[in-house]
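Single-letter residue listing:
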Amino acid sequence: MQEIEFAVPIPSRVSPDLTRARARHLRWVRDAGLVGGGEARRRYEFSRVADIAAHGFPDATGEDLDLCFDLLGWMFLFDDQFDADDGREADAPTVCGQLTDLLRGEPPGHGTPPPIVTAFADCWQRMGTGMSRAWLGRSVHDWVDYLAGRPTKIADRAHGATLDPAAHLRARRRTIGCRPVLALAERVERGPVGSDDDIREFMSGNLCRCAAYPHIVQAVRQAGATGKKR
């Protein structure tokens, strides 16, 4: 085990509603069928990965924090479902297609969708409440791009593809979920995120496990270059 200490000159902040939101989120995950019983549920409860919501959105409480917990928890579980190398990665194109149809408002296909799809449908319905048509259209585009990157990542891994650094960063920006998380930030703040300085100010006091902050700023710059406002 590595014993490394980091000096972070940023005051830590956390939502005062963390404990309540965590307990409610665990019930939501259970009721949605996102984790099985026994060991799988125990591991998820122990990980507390969705607690990042209370640190990433320290001013959020109540239903806003609940949405952050559920959506970020969903993203962790979605990512893990297709990274476990246990055969489920073969389902990624179908699941991502179902999620894309949901986002675009297309009729569902035959059969019962899996829990990962129905759980996202619940999050998406809450996420769009009170937001503008322009925001909804842009958010759909960002989520579809995020979902499209998953089968590509799995295919690259299966075929042993070696990407150059620039291509790896482009692929990583899609699958890491920078833009969907920015959309969540806009939803919680009830308005668009502005300049790079605004984004850095919004992120101040929080640390990301995947060091994605430069990618988030880059994603916003790219959106600005194509005429999309953040």
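See the structure above.
Residues numbered from 1 in each chain as written. Predicted model: local features only at pLDDT ≥ 70, side-chain atom pairs only at ≥ 80, totals over all residues. Heavy atoms only, no water.

(A) Inspection of the overall build of the protein at higher detail. A tally of regular secondary structure across the protein gives 11 helices and zero strands. Tracing the protein from N to C terminus, the helices and strands come up as α-α-α-α-α-α-α-α-α-α-α. Contacts spanning at least 24 positions in sequence make up 71% of the contacts within the protein whose residues lie at least 6 apart. Accessible area of the protein: about 13,000 Å², with a carbon and sulfur share of 54%. (Helix = DSSP H or I, 4+ residues; strand = E, 2+ residues; numbered from the N terminus. Contact = heavy atoms within 4.5 Å. Areas by Shrake-Rupley, 256 points an atom, 1.4 Å probe, with all protein chains shown as cover.)

(B) Local environment of the pattern of salt bridges. This structure, assessed with the given rule, holds 13 salt bridges. In this structure, the salt-bridge partner of D17 is R20, at a minimum N-O distance of 2.9 Å. What you see here is one network of salt bridges that share partners, running through D17, R20, R24, D66, D70, D122 and R126. (Salt bridge = Lys/Arg side-chain N within 4 Å of Asp/Glu carboxyl O.)

(C) Looking closely at the environment of D17. Position of D17 relative to the elements: it lies in the segment before α1 (18-32). The spatial distance from the C-alpha of D17 to the C-alpha of D59 is 9.2 Å, given a sequence separation of 42 residues. With residues up to four places along the chain from it excluded, the contact list for D17 reads T61, G62 and L65. Polar side-chain contacts of D17 include one of 2.9 Å to the side chain of R20. (Polar contact = N/O pair within 3.5 Å; in protein donor to acceptor, adjacent residues only side chain to side chain.)

(D) How the structure looks around the packing of aromatic side chains. Overall, the coordinates contain eight aromatic pairs when judged by the stated rule. Here the aromatic rings of W74 and F120 are separated by 4.9 Å at their centres, their planes lie at 45°, and the arrangement is tilted. Taken together, the residues span a long stretch of sequence, with W74 in helix α4 (residues 62-81) and F120 in helix α6 (residues 115-127) at a distance of 46 residues. When the ring of W124 is compared with that of W135, the centres are 6.4 Å apart and the planes differ by 15°; the resulting orientation is stacked. Placement of W124 in helix α6 and of W135 in helix α7 (residues 133-158) is noted, with a sequence separation of 11 residues between them. Accessibility expressed as a relative area gives 12% for W124, which makes it buried. (Phe/Tyr/Trp six-rings, centres within 6.5 Å; stacked < 30°, edge-to-face > 60°. Buried < 20%, exposed > 50% of the residue type's maximum accessible area, 1.4 Å probe, protein only.)

(E) How the structure looks around the packing of α1 against α4. Axis separation between α1 and α4 bottoms out at 9 Å; the angle between their running directions is 50°. When the interaxial angle is binned, α1 and α4 end up oblique. Once α1 is placed against α4, the crossing between them reads as right-handed. Residue-level inspection shows L18, R20, A21, R22, R24, H25, W28 and V29 of α1 in contact with α4, the latter providing G62, L65, D66, F69, D70, G73 and L77. Each residue belonging to the contact of α1 with α4 can be placed in one class, and the counts come to seven nonpolar, three polar and five charged. (Axes fitted to C-alpha atoms, helices over the stretch in contact; angles between N-to-C directions. Parallel < 35°, antiparallel > 145°, perpendicular 65-115°, else oblique. Left-handed = near helix turned anticlockwise from the far one by under 90°. Nonpolar A, V, L, I, M, F, W, Y, C, P; charged D, E, K, R; others polar.)

(F) Highlighting empty space enclosed by the protein. Counted according to the given criterion, the structure contains two cavities of 30 Å³ or more. For the largest cavity, the calculated volume is near 60 Å³. Every residue lining the largest cavity is listed: R22, H25, L26, Y44, E45, R48, V49, A50, D51 and F69. Among the elements of the structure, α1 and α2 (39-47) are those that each provide at least two residues to the lining of the largest cavity. Considering every element that reaches the lining of the largest cavity, the biggest residue donor is α1, with three residues. Taken as a whole, the second largest cavity encloses approximately 40 Å³ of empty space. L26, V29, R30, V35, R41, Y44 and E45 together form the lining of the second largest cavity. (1 Å grid on protein atoms, 1.4 Å probe; cavity = no way out; pocket = protein on both sides within 12 Å on 5 of 7 lines; lining within 4 Å. Points joined across faces, edges and corners; volume = space filled by probe spheres on them.)

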